[in-house]
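# Report on the structure
Listed here are the chains, written in short residue letters.
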Amino acid sequence: IRSDRRRFLPYGLAGGSSGTPSTNILNPGPRQKTLPSKVTARMKRGDVIRHVTAGAGGWGDPLERDPTAVLRDVMDEKITSSYARREYGVVVDRRQAAVDPAATRRLRKELFAARSSAARRSNSRSWRSISTRSRRRPRPTVATSARRR
């Protein structure tokens, strides 16, 4: 078996999220064994291999995706309503086959604030490490000819 994108997920573009990893499972079920992404193995009669390909990275900010398009994906069973809530910030009522606009606005506002806060913390840590490094004074270098004098 040779599969890719398990450790390094498919990347998103223009603010899109990363995709999902590939997996290889020998004999799916209670006694299943997850196989490495690249493996040569002997199989026994009756063994089953489940290979799940890596999901593609997204395009654009998921919180800006049209909620009706997300609803359509939920109704077509391409994604679950919990995935729609978690990744797109869209609250879907499957029984009503509808988006809850007020709940979606609130959730997207919360998710965006949480994302912005995490980004600020990350940037702050990066900036501190850069500014600390820049305060270190470089050791003076002495030219060979100057040492002989």
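Each remark here, short or long, concerns the structure printed above.
Residues numbered from 1 in each chain as written. Predicted model: local features only at pLDDT ≥ 70, side-chain atom pairs only at ≥ 80, totals over all residues. Heavy atoms only, no water.

## Let's talk about the pattern of salt bridges
All chains considered together, the criterion is met by 4 salt bridges. The residue Glu-77 makes a salt bridge to Arg-94 at a minimum N-O spacing of 3.9 Å. Taken together, the residues span a long stretch of sequence, with Glu-77 in the loop between α1 (67-75) and α2 (81-88) and Arg-94 in the loop between β4 (92-93) and β5 (98-99) at a distance of 17 residues. One salt bridge connects Arg-86 with Glu-87, and the closest N-O pair in it is separated by 3.1 Å. You can call Glu-87 partly exposed: its relative accessible area is 26%. (Salt bridge = Lys/Arg side-chain N within 4 Å of Asp/Glu carboxyl O. Helix = DSSP H or I, 4+ residues; strand = E, 2+ residues; numbered from the N terminus. Buried < 20%, exposed > 50% of the residue type's maximum accessible area, 1.4 Å probe, protein only.)

## Regarding the nonpolar core
One finds Val-70, Leu-71, Val-74, Ile-79, Ala-84, Tyr-88, Val-90, Val-92 and Val-99 forming the largest nonpolar core, which totals 9 residues. Elements supplying a minimum of two residues to this core: α1 and α2. No other element matches α1, which puts 3 residues into this core. Beyond its immediate stretch of four places on either side in the chain, Val-99 contacts Pro-67, Leu-71, Val-90, Val-91 and Thr-104. (Core = buried A, V, L, I, M, F, W, Y, C linked by side-chain atoms within 4.5 Å. Contact = heavy atoms within 4.5 Å.)

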